[in-house]
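Chain and residue survey
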Amino acid sequence: MKLNGLFSDGAVFQRRINIPVFGRTDPDSKVEITFNGGTYCGLSGVDGSFLIRMKPQEAGGPYTMKVRNARTGDETTVTDILVGEVWLASGQSNMQFTLNNSPDQMADFLNGMKNPDTLRMFSVPRRALTAPENDIPAPDPAQMEYVPGKDDWTDNQPCWLKAEKLPAMKMSAVALWFAAKLRDTLDVPVGIIHSSWGGTIIEAWTSMEMLRTNPYLRAQVQEYEEKMSSGKRWKDIISAKSASADMEVAESVLFDKYCTPNPPDEGSRRGWADLDFDDGAWRKFTVPNSWIATRMAGNG
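Residues numbered from 1 in each chain as written. Predicted model: local features only at pLDDT ≥ 70, side-chain atom pairs only at ≥ 80, totals over all residues. Heavy atoms only, no water.

Considering the environment of Lys2
Note the threshold: By the criteria applied, helices consist of DSSP H or I runs no shorter than four residues and strands consist of E runs no shorter than two, each listed in order from the N terminus. The cut-offs for exposure are 20% and 50% of the maximum accessible area for each residue type, with area from a 1.4 Å probe on protein chains only; residues under the lower value are buried, those over the upper are exposed, and the others partly exposed. Contacts are assigned to residue pairs with any non-hydrogen atoms lying within 4.5 Å of each other. For this analysis, a polar contact is any N or O atom pair within 3.5 Å, provided that within protein one partner can donate a hydrogen and the other can accept it, and provided that sequence-adjacent residues contribute only side-chain to side-chain pairs.
Mapping Lys2 onto the fold places it in strand S1 (residues 2–3). Judged by relative accessible area, Lys2 falls into the partly exposed class, the value being 45%. Residues Lys2 and Asp26 lie 24 residues apart in sequence; the distance between their C-alpha atoms is 9.9 Å. Those residues in contact with Lys2 that sit more than four places away from it in its chain are Gly23, Arg24 and Asp135. Polar side-chain contacts of Lys2 include one of 2.4 Å to the side chain of Asp135.

This is the structure in structure tokens:
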């Protein structure tokens, strides 16, 4: 019996909807779930996968959930579950930006923090693959203890963490502030599923099936898939270093072929970066401000 990684100790379930619980067990088996006084049943498929929906719940907890294979007796237990609001926080570096990257902001958040037990976050590991995954890698217990100076702590630990001082330091700052505001406004537990990756483009988050429907991207997708599946493409990839270097070359070829290049750097040509450049004739502009409102330029 193995539940998807989202259904682990400390999880937060969305209130007022049918709650989906999914995982894998032996094929063609009856699966029973007990949660908050209710029992729910379903069948596993020929590959052992199952999905059972529990009835809507109001905010509360903590609860314990037991999932059992009625045929084999195999079971698993998830503890300390809360029911409340669950939101996905996703994006680029602005969402990935952690609380401890801004000491003043971190101090403000931690000093005003109350009841961190009802504010929890699940950070999805950043993994670039050529096919969709059905599960999330299990956390490494040896890496769960906070080590000062270890920058990737919690970054690749897929588990539910409470917004206590040490975990909160390495959580998404935007997601934490949002979750705290939502929790205090609604007075219910809040769980955030955080999945972001700085610098990624929207195409990287879009399914291949959807990209193929776009006439401007269809040819790029086909060429990308052909390159990724060729034996030559993978022949020399024996380490993360060589894989990274090889990927950069492949990306540059696709960018040069399909993407609109940046315009020439007029500023350098005109000497704007020279130390003795005279900018006395330039208009004054106070920031923050709007280029459009001041009629200086359009968006940029």
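Next comes the rest of the account.
Regarding the sheet that holds strand S3 (residues 19–24)
Filter applied, for reference: Pairing between strands is defined by DSSP: at least two bridges between them are needed.
Spatial strand order, S1-S3-S6: three strands in an open sheet with antiparallel pairing. Each of the sheet's edge strands pairs with one partner strand only, and the pair in question is S1 and strand S6 (49–54). Bridge count for S1 against S3 is two bridges, and the pairing is antiparallel. Across the sheet, residue Leu3 finds its bridge partner in S3, namely Gly23.

A look at the pairing of strand S7 (residues 60–69)
In this sheet, S7 lies alongside strand S4 (residues 30–35) in antiparallel orientation, the contact comprising five bridges. Each residue of the ladder has a partner; that of Thr34, found in S7, is Lys66. From the end of S7 to the start of strand S8 (residues 75–91), which pair antiparallel, there are five residues, and Gly73 there has a positive phi angle of about 85 degrees.

Quick word on the pairing of strand S5 (residues 38–43)
Only one face of S5 is covered, namely the face carrying Gly38, Tyr40 and Gly42; the face carrying Thr39, Cys41 and Leu43 is uncovered. Note that S4 and S5 share six bridges and pair antiparallel. What sits directly across from Thr34, in S5, is Thr39. Once S4 ends, the chain turns through two residues before running back antiparallel as S5, passing Asn36 with a positive phi of about 50 degrees.

Brief notes about the side chain of Ser29
As for its placement among the helices and strands, Ser29 is situated in the loop between S3 and S4. The exposure class assigned to Ser29 is buried, which follows from its relative accessible area of 0%. At 3.1 Å, the side chain of Ser29 and the side chain of Arg71 are in polar contact. For Ser29, the contacting residues outside a window of four places in its chain are Gly42, Leu43, Ser44, Asn69 and Arg71.

So, the confidence of the model for the chain
We apply this condition: The score called pLDDT rates the predictor's confidence residue by residue, from a low of 0 to a high of 100.
Mean pLDDT for the chain: 86, with 86% of residues reaching 70 or above. Segment residues 238–242 is flagged for pLDDT under 50; beyond a separation of four residues in sequence, or across chains, it makes two contacts in the model.

A look at the packing of aromatic side chains
For clarity, the threshold we go by: Whether two aromatic rings pair depends on their centres lying within 6.5 Å, for rings of Phe, Tyr and Trp, where Trp uses its six-membered ring; planes under 30 degrees apart make the pair stacked, over 60 edge-to-face, and the rest tilted.
Inspection of the entire model under this criterion finds nine aromatic pairs. Aromatic side chains Phe109 and Trp177 sit 5.1 Å apart centroid to centroid with 85 degrees between the ring planes, which places their arrangement in the edge-to-face category. With a gap of 68 residues between them, Phe109 in helix H2 (residues 103–112) and Trp177 in helix H4 (residues 173–186) connect regions that are remote in the sequence. Residue Trp177 is classed as partly exposed on the basis of its relative accessible area of 35%. Taking 5.6 Å as the distance between ring centres and 55 degrees as the angle between the ring planes, the aromatic pair formed by Phe277 and Trp282 counts as tilted.

Quick notes on the environment of Met171
Tracing the sequence through the fold places Met171 in the loop between helix H3 (165–169) and H4. Spatially, the C-alpha atoms of Met171 and Leu161 are 9.3 Å apart, while their sequence positions differ by 10 residues. Sequence-distant contacts of Met171, defined by excluding residues within four places in its chain, comprise Phe97, Thr98, Leu99, Met121, Leu161, Lys162, Ala163 and Leu176.

As for the side chain of Gln57
Within the element layout of this structure, Gln57 appears in the loop between S6 and S7. Reaching out from Gln57, the side chain makes a polar contact with the backbone oxygen of Lys55 at a distance of 3.3 Å. Not counting the four nearest positions on each side in its chain, Gln57 is found in contact with Arg15, Arg16, Ile17, Ile19, Phe35, Asn36, Tyr40 and Val83.

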